[in-house]
Amino acid sequence: MRLLIGVLAIALVIAIAAFAHGTTSGLEEDINKGAGGAPDVFVKIAGLVSSIAVLLVPVAFAIERLIKRDGLRIADGVLAAVLAHGVTLATDLWVAKAAPGTIQDALTQPATGGGLTDPVHNYLAPVIAYMTAVGMARRPRWRVSLWAVLLLDAFTMLVAGYTTAFSIILTVLIGWTVAYGTLYAVGSPNVRPTGQTLLAGLRRVGFKPVTALRAEGAGVPEAADSGDRGRRYIVTLEEGPPLDVTVVDREQQAHGFFYRAWRRLTLRAITTRRSIVSLRQALEQEALLAYAAIAAGANAPKLIATSELGPDAVMLVYEHLGGRTLDSLDDAEITDELVRSAWRQVRALQSRRIAHRRLAGDAILVDRSGKVILTDLRGGEIAAGDLILRMDIAQLLTTLGLRVGAERAVAGAVAVLGPDAIADCLPLLQPIALSRSTRATLRRLARERSKREREAVLEASEAAKRARVEAAAAETPAGAVESKIDRKSDRKLEKAEKQAEKRALDEALDDAREEDLLAQIRRQVLLIRPQAPVEPVRLERIKPRTLISLIAGAVAAYFLLSQIARTPLSTISSADWRWVAAAVLFSALSYVAAAMSLLGFVPERVGFWRTVVAQVAGSFVKIVAPAAVGGVALNTRFLQRSGVRPGLAVASVGASQLFGLGAHILLLLAFGYLTGTEKSQSFTPSRTVIAGLLTVAVLVLVVTAIPFMRKFVSTRLRSLFAGVVPRMLDVLQRPLKLLTGIGGMLLLTGVFVLCLDASIRAFGHDAQGLSYASVAVVFLAGNALGSAAPTPGGVGAVETALTLGLVAVGLPIEVATPAVLLYRLLTLWLPVLPGWLCFNWLTKRGAL
């Protein structure tokens, strides 16, 4: 992590030096003005002292380490210093010979004897690399001494005009980064305490240990997400019962850091803990929770002693418990009394506002007498809020439900905590509030449940086919001659049977659909408290998709603002407002065309004007979701609310999207062909168009020739056609519907092309001689890129693609930029407010 951070910081400093020349020069002027008042004598004395101390302090530290027989760290430091010296020489050579002038100005100053100062200081960077590699940060006195010397030396060089601020920053970063790169390459000393270290630590706190055995090797399983809770040992003594010892070292403190940091970023602060704490804090927290749990009357391991095992590890000594975890018990061994006993332990903790924070199956121990003991209290919390306490209840409900079922888990909880406390936890009964191992188990069960549902539907389909074949065979007399009327009636009967089969499959899917565990728990609680709140509490601060959208939106906004900044105000003021009005009209017609293209693939009766309103609402949805996602989700939801069955609604939208994709490709090829022939006398496409078509053909052949790519594409197409093709067959039986859908798609493409053309003519009057075919090709290509872009509404990608496309076909950038901005303003930004109003209107009326 530190190596990557250092590399990124070096890249950032160089980028600032390269592109922010005004900032670097202004900073140098400010430093030179401030340094002018410093006494010359003081500067010379400070420079002499710091130059000597920079070399003496590392040497003194090396001697101290060698006396303590820690030569391996010194060897790592020397290697890092040599590498840092080589990197500084290479950097100096690059800045002097090949770097841009702005970087050279930011890192150097004119020297008094002529020439330029060194861009990177080839003695400071090795010292910093040495200091970092030997681990001086863990020795405060040496660290403070060396940093004081380095700061003094940097200050004197700045005041004397021998360097720049950016040079000093780059020097520090190079030394720091090279040190961690060296440690990453050669490794670092193992900080785990050995068995001898553990036994010696136990002797220091008054015990007489004989052996120490890892608990995991003794049959106690370790959960997938428990690696940061310490290593467990069973220690036998010369006299008395054995001990349970937990050892925590720095390596385990870093275990799962990225996962905890991500959870802390995405979840609300009240539901998360610090992503990483010091060893001392971890020791104190676990000791405090152990004492507090016992004081609350809960069955918890009794803490006997604590101690440090050197600078990189700590240990906690407990009385030996024995027993087995809940995960290791057979289903028959988990009785109702054991379930109630687990809930009584939680009640004891919550009576003193103590939260366990991880009531998974491996944290609940059952001893030989059947007593339930709560372990793994290290991640708990005292003086916990109501939300955290309710999360504990939701977690234990799910943990017990996975073993004994929802009904028994809820019954045991209600018997101990009461129905009100259980009803209050329903809003927290969501996967994000559960532990990592529990979420993994729920995902596995969901996959198994989905597989069973698919198998049940396939069995129902096969049974329906067999029954239909047998019925047809029974009704047909032996030796009968089929007439033309009989064949016609048979075709009608076959169509009716297919429709009946589809209805039967939908009903079979509804019958086979199983409730997940969380839904079963909710249903059991609602049987006891029908008025219990079920709306989930929002625990996520930000979702991953929202974070990606924000980042992409920020990048897109940067490109959009840069385009606006390059557009002169005189160009906007000289726009032809008649063509602007025409562009507005074409933009408004696009919603009617979109409604036609959707309803053409929906055989059921759906209101036309309400569908138009839904398409306007989609203008708002496009801003908060990627272009290829928001419209599909909104149309699917709208059709479901309009009375179309969920599966049929998805198939209708899929058919519309699939047909639209095919029409998009065909129109792009057709207009590309026309664009290639419009400047020639014969109707022959240009070589560029032919090369493009051949390139596409070669790509298709490559995809179909490589087995795994062919399998990937065929699997995706098969899953798409599985639901879309039957829907298309339904539409084909109604030619008017099909004509509406096809006409809507062609009209939608046409009005968008006309809107873009009108926007061009608003600033270019005669559109600079561009043909409609060229404008159509640019629009279709830009729209395809916008659909693929992850930004909301394709912001940034569409503007860039359209602008570059128009410039490529001969339009001046002074006209292309404002024309594209006007087009996007009319089709994306201005409809947002009407879209929001329509979205709320449809939502209030239950149409979304």
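In every chain, residue numbers begin from 1 and rise along the written sequence. Local features in this predicted model are restricted to residues of pLDDT 70 or higher, and side-chain atom pairs are both shown and tallied only at a pLDDT of 80 or more, whereas totals for entire chains, interfaces and linings draw on every residue. The side-chain numbers reported here are obtained from all heavy atoms of the structure, hydrogens and water having been left aside.

Colleague: Would you explain the nonpolar core in this entry?
Modeller: In a soluble, globular protein the nonpolar side chains are often hidden away together inside. To define a nonpolar core, start from buried Ala, Val, Leu, Ile, Met, Phe, Trp, Tyr and Cys residues and group those joined through side-chain atoms within 4.5 Å. To sort residues, take the accessible area from a 1.4 Å probe on protein chains only and compare it with the maximum for the residue type: under 20% means buried, over 50% means exposed, and anything in between is partly exposed. Counting 57 residues, the largest nonpolar core has W343, L397, I422 and I521 as the members making the most contacts within it. For this core, the secondary structure elements donating two or more residues are helix 12 (279-295), helix 13 (336-351), strand 7 (364-366), strand 8 (372-374), helix 14 (386-404), helix 15 (406-417), helix 16 (419-424) and helix 19 (517-528). Here this core gets 10 residues from one element, more than from any other, and that element is helix 14. Within the second largest apolar cluster, 30 residues are counted, among which are F586, L756, F779 and L826. Only DSSP runs of H or I reaching four residues or more are called helices, and only runs of E reaching two or more are called strands; each is numbered from the N terminus.

Colleague: I keep staring at a nonpolar patch on the surface and nothing clicks. Help me out?
Modeller: Every patch collects residues that have over 30% relative accessible area and no salt bridge, joining them within 9 Å if they carry like charges and within 5 Å if they are nonpolar side chains (Val, Leu, Ile, Met, Phe, Trp, Tyr). Using a 1.4 Å probe, accessible areas were evaluated by the Shrake-Rupley method; residue-level cover was limited to the displayed protein chains. A pairing counts as a salt bridge when a side-chain nitrogen of Lys or Arg comes within 4 Å of a carboxyl oxygen of Asp or Glu. On the surface, a cluster of nonpolar side chains totalling about 340 Å² of accessible area is made up of M1, I5 and F258. Topologically, I5 is positioned in helix 1 (residues 2-19).

Colleague: Help me understand the sheet that holds strand 7 in this model?
Modeller: Hydrogen bonds between backbone groups are what pair the strands of a sheet, and the pairing can be parallel or antiparallel. Here three strands make up an open sheet; going across it, the order is 6-7-8 and the pairing antiparallel. The outermost strands of the open sheet, each flanked by one partner alone, are strand 6 (324-325) and strand 8. A pair of strands is labelled paired if DSSP reports no fewer than 2 bridges between them. Pairing geometry for strand 6 and strand 7, over two bridges, is antiparallel. Among the inter-strand pairings, R324 is bridged to a residue of strand 7, identified as V366.

Colleague: Which parts of the structure should I look at to understand the sheet that holds strand 4 (residues 303-308)?
Modeller: In spatial order, the strands read 1-2-3-5-4; together these five strands make up an open sheet with antiparallel pairing. Of all strands in the sheet, those bounded by a partner on one side alone are strand 1 (209-214) and strand 4. Geometrically, the sheet is characterised by an average inter-axis angle of 25° between neighbouring strands, direction not taken into account. Here helix 9 (residues 195-204) sits on the sheet and contacts strand 1, strand 2 (231-237), strand 3 (243-249), strand 4 and strand 5 (313-319); the angle it forms with strand 1, its principal contact strand, is near 130°. For helices, the fitted line uses only the C-alpha atoms of the stretch in contact; every axis is such a line through C-alpha atoms, and the angle between N-to-C directions lies from 0 to 180 degrees. The contact definition used throughout considers only heavy atoms, calling two residues in contact when any of these lie within 4.5 Å.

Colleague: What am I meant to see in the packing of helix 13 against helix 15 here?
Modeller: Helix-helix packing: each pair is described by the crossing angle between the helix axes and the interaxial distance. Taken N-terminus to C-terminus, the directions of helix 13 and helix 15 make an angle of 50°; their axes are 9 Å apart at the nearest point. When the axis of helix 13 is compared with that of helix 15, the two are oblique. Judged by the twist between their axes, the crossing of helix 13 over helix 15 is right-handed. Touching D336, V339, R340, W343, R344 and R347 of helix 13 are R408, A409, G412, A413, A415, V416 and L417, all from helix 15. Amino acids outside the nonpolar list (Ala, Val, Leu, Ile, Met, Phe, Trp, Tyr, Cys, Pro) and the charged list (Asp, Glu, Lys, Arg) are all regarded as polar, and Gly is one of them. The residue makeup of the contact of helix 13 with helix 15, split by class, is seven nonpolar, one polar and five charged. Every angle not falling under 35 degrees, over 145, or within 65 to 115 is termed oblique; those three ranges are roughly parallel, roughly antiparallel and roughly perpendicular. Here is the rule for handedness: rotate from the far helix to the near one, and if that takes an anticlockwise turn smaller than a right angle the crossing is left-handed, while a clockwise turn gives right-handed.

Colleague: Even after reading the chapter, I still don't get the environment of L526, so can you show me in this structure?
Modeller: Within the secondary structure layout, L526 lies in helix 19. What makes L526 partly exposed here is its relative accessible area of 28%. The spacing of L526 and A423 is 103 residues in sequence and 7.7 Å in space, taken between C-alpha atoms. Those residues in contact with L526 that sit more than four places away from it in its chain are L426, A532 and V534.

Colleague: What is the right way to look at the packing of aromatic side chains in this model?
Modeller: For any pair of aromatic rings, geometry is given as the distance between the ring centres together with the angle between the planes. Only Phe, Tyr and Trp rings take part, Trp by its six-membered ring, and two of them pair if their centres are within 6.5 Å. Stacked means planes under 30 degrees apart, edge-to-face means over 60, and tilted covers everything else. With the rule as written, the count across this model stands at three aromatic pairs. Taken together, a centroid distance of 5.1 Å and an interplanar angle of 80° make the contact between W176 and Y180 edge-to-face. Placement of both W176 and Y180 in helix 8 (residues 165-186) is noted, with a separation of four residues, approximately one turn of the helix. Judged by relative accessible area, Y180 falls into the buried class, the value being 17%. Measuring from ring centre to ring centre gives 5.1 Å for F608 and W609, while their planes differ by 80°; the resulting arrangement is edge-to-face. Taking relative accessible area as the criterion, F608 reaches 29% and is therefore assigned partly exposed. We call a charge positioned above a ring when the Lys NZ or Arg CZ atom is no farther than 6 Å from the ring centre and deviates by at most 35 degrees from the ring normal. The ring of Y233 is capped by R214, whose NZ or CZ atom sits 5.7 Å from the centre of that ring.

Colleague: Is there a simple way to explain the packing of helix 22 (residues 577-599) against helix 31 (residues 813-829) in this structure?
Modeller: Between helix 22 and helix 31, the shortest axis-to-axis distance is 9 Å and the interhelical angle comes to 40°. With respect to their mutual orientation, helix 22 and helix 31 come out oblique. Handedness of the helix 22/helix 31 crossing: right-handed. Where helix 22 approaches helix 31, its residues V580, A583, V584, S587 and Y591 are matched on the opposing element by L822, L826 and T827. Split into classes, the residues belonging to the contact of helix 22 with helix 31 amount to six nonpolar, two polar and no charged.

Colleague: When you look at helix 12 in this model, what are you seeing that I'm missing?
Modeller: One turn of the α-helix equals 3.6 residues, which is why residues spaced by three or four share an orientation. To estimate how far a helix should extend, the number of its residues minus one is multiplied by 1.5 Å. Here helix 12 spans 24 Å end to end across 17 residues, near enough to the 24 Å set by a 1.5 Å rise per residue. Looking only at helix 12, the buried set comprises L279, A282, L283, E286, A287, L289, A290, A292 and A293. Positive phi shows up at G297, right after helix 12, with a value of about 95°.

Colleague: Looking at this model, I keep getting lost on unusual backbone geometry. Mind explaining?
Modeller: Leaving glycine out, the prevailing phi sign among residues is negative, and the prevailing peptide bond configuration is trans. The phi torsion at R353 lies on the positive side, around 60°, for a residue other than glycine. A residue is classified by how much of its surface remains accessible, and R353, at 35% relative accessible area, is partly exposed. Of note in the backbone geometry, A383 takes a positive phi value of approximately 50° without being a glycine. Its location among the elements puts A383 in the loop between strand 8 and helix 14. With a relative accessible area of 67%, A383 lands in the exposed category.

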